[in-house]
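# Analysis of the macromolecular model
This is what each chain is made of:
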Amino acid sequence: AQTVTQSQPEMSVQEAETVTLSCTYDTSESDYYLFWYKQPPSRQMILVIRQEAYKQQNATENRFSVNFQKAAKSFSLKISDSQLGDAAMYFCASLEVQGGSEKLVFGKGTKLTVNP
Amino acid sequence: GAVVSQHPSWVICKSGTSVKIECRSLDFQATTMFWYRQFPKQSLMLMATSNEGSKATYEQGVEKDKFLINHASLTLSTLTVTSAHPEDSSFYICSASLLRRRWDQETQYFGPGTRLLVL
């Protein structure tokens, strides 16, 4: 069974600074996807960034980038130039596709506070 | 594009009654819809996966007779919490997976969630 672990229940960062959120995962599949989702107080799940396991290049989306270490099964999220609007719960997730069906498994989340 | 709606957004009901939550893909056809449950300050837990026209697949520990899922069309799935009790109070989120998904499209689009409070 796939598992996703986020070891930081809470993190804080000063506005305009950089913060890294940690995530490790475990899967028996060779084909999988990894995601970071943001859940603001509205509780709407928002996709931040995704990484296909077969791609060696780390994904980037504007101020958001990942450090994907496949051998170590690590998938951290770096937020540069942090903004007040980045404050939210961040969930790391892995997606496995087996026999035509897919399952998304989430970590427990990291609450990010951005201090002005 | 790729908007998922849920109705209602908020529901309060008495213990013992049944509550139906709708999940709709507004501008796309969804081959698969997923139902998640999120307790306060916790993560999302997959409850079940439903495909249009077939029975839902429930995760281990989820009572299928308690949480009835119907996926009648490619744009609508419903979750009915039967004989609700206070411990069923939670935030329920659905997501939908695109039919004929392109490589650059999201794997699942999430609805805004439904907050259920059982008194």
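Preceding this section is the structure that the text describes.
Scope of this entry: the structure provided in the associated data block. (Residues numbered from 1 in each chain as written. Chains lettered and ligands numbered in written order. Predicted model: local features only at pLDDT ≥ 70, side-chain atom pairs only at ≥ 80, totals over all residues. Heavy atoms only, no water.)

## Thoughts on the overall build of chain B
Counting its secondary structure elements, chain B contains zero helices and eleven strands. Tracing chain B from N to C terminus, the helices and strands come up as β-β-β-β-β-β-β-β-β-β-β. Relative to the compact-globule value of 14 Å for 119 residues, chain B shows a C-alpha radius of gyration of 14 Å, a close match. The principal-axis extent of the C-alpha atoms belonging to chain B is close to 45 × 30 × 25 Å. Across chain B, every contact between residues at least 6 apart in sequence was considered, and the portion connecting residues at least 24 apart equals 57%. (Helix = DSSP H or I, 4+ residues; strand = E, 2+ residues; numbered from the N terminus. Rg over C-alpha atoms; globule rule 2.2 N^0.38 Å. Contact = heavy atoms within 4.5 Å.)

## Focus on the pairing of strand E12 (residues 110-115) of chain A
Looking along a regular strand, one sees the side chains alternate between the two faces of the sheet. Residue and element names in this part refer to chain A. Residues Thr-110, Leu-112 and Val-114 of E12 are buried on one face, while the alternating residues Lys-111, Thr-113 and Asn-115, pointing to the opposite face, are not. Relative to E12, strand E2 (residues 10-14) runs parallel, the two being bridged by five bridges. Along E12, the bridge assignment pairs Met-11 with Leu-112. Taken together, the three bridges between strand E10 (residues 88-98) and E12 define a ladder with antiparallel strand orientation. Directly across from Tyr-90, in E12, lies its bridge partner Thr-110. (Buried < 20%, exposed > 50% of the residue type's maximum accessible area, 1.4 Å probe, protein only. Pairing = 2+ DSSP bridges.)

## Concerning the state of the cysteines
Counted under the stated rule, the structure contains two disulfides over all chains. Covalently, Cys23(A) is tied to Cys92(A) through a disulfide, its sulfur atoms 2.0 Å apart. Taking the sign of the S-S torsion, about -70° here, the bridge from Cys23(A) to Cys92(A) comes out left-handed. Taken together, the residues Cys23(A) in the loop between strand E3 (19-21) and strand E4 (24-26) and Cys92(A) in strand E10 connect sequence positions 69 residues apart. Not engaged in a disulfide, the cysteine Cys13(B) finds its nearest cysteine sulfur in Cys94(B); these two sulfurs lie 18 Å apart. Residue classification places Cys13(B) among the buried residues on the basis of a relative accessible area of 10%. (Disulfide = S-S within 2.5 Å.)

## Focus on the interface of chain A and chain B
At the junction of the two partners, chain A supplies 17 residues and chain B supplies 23 residues. Each partner contributes to the roughly 1,700 Å² buried at the junction of chain A and chain B, and carbon and sulfur atoms together form 49% of this total. Note that Glu59(B) and Lys103(A) form a salt bridge whose closest N and O atoms lie 2.5 Å from each other. Applying the counting criterion to the chain A and chain B interface returns five residue pairs in polar contact (both at pLDDT 80 or more). Looking at the side of chain A that touches chain B element by element, the count peaks at four residues for strand E11 (residues 101-106) of chain A. Classifying every residue of the side of chain A that touches chain B gives eight nonpolar, four polar and five charged. (Buried area = accessible area lost by both parts, 1.4 Å probe. Salt bridge = Lys/Arg side-chain N within 4 Å of Asp/Glu carboxyl O. Polar contact = N/O pair within 3.5 Å; in protein donor to acceptor, adjacent residues only side chain to side chain. Nonpolar A, V, L, I, M, F, W, Y, C, P; charged D, E, K, R; others polar.)

## Points about the nonpolar core
One finds Phe28(B) and Leu116(B) to be the most contacted residues of the largest nonpolar core, which totals 27 residues. Contributions of two or more residues to this core are made by strand E2 (10-13), strand E3 (19-25), strand E4 (30-38), strand E5 (44-51), strand E7 (67-73), strand E8 (76-81), strand E9 (90-98) and strand E11 (114-118) of chain B. Sequence-distant contacts of Leu116(B), that is, excluding residues within four places in its chain, are made with Val11(B), Cys13(B), Val19(B), Val81(B), Asp88(B), Ser89(B), Ser90(B) and Tyr92(B). Membership of the second largest hydrophobic core comes to 25 residues, among which are Val19(A), Cys23(A), Leu34(A) and Phe68(A). (Core = buried A, V, L, I, M, F, W, Y, C linked by side-chain atoms within 4.5 Å.)

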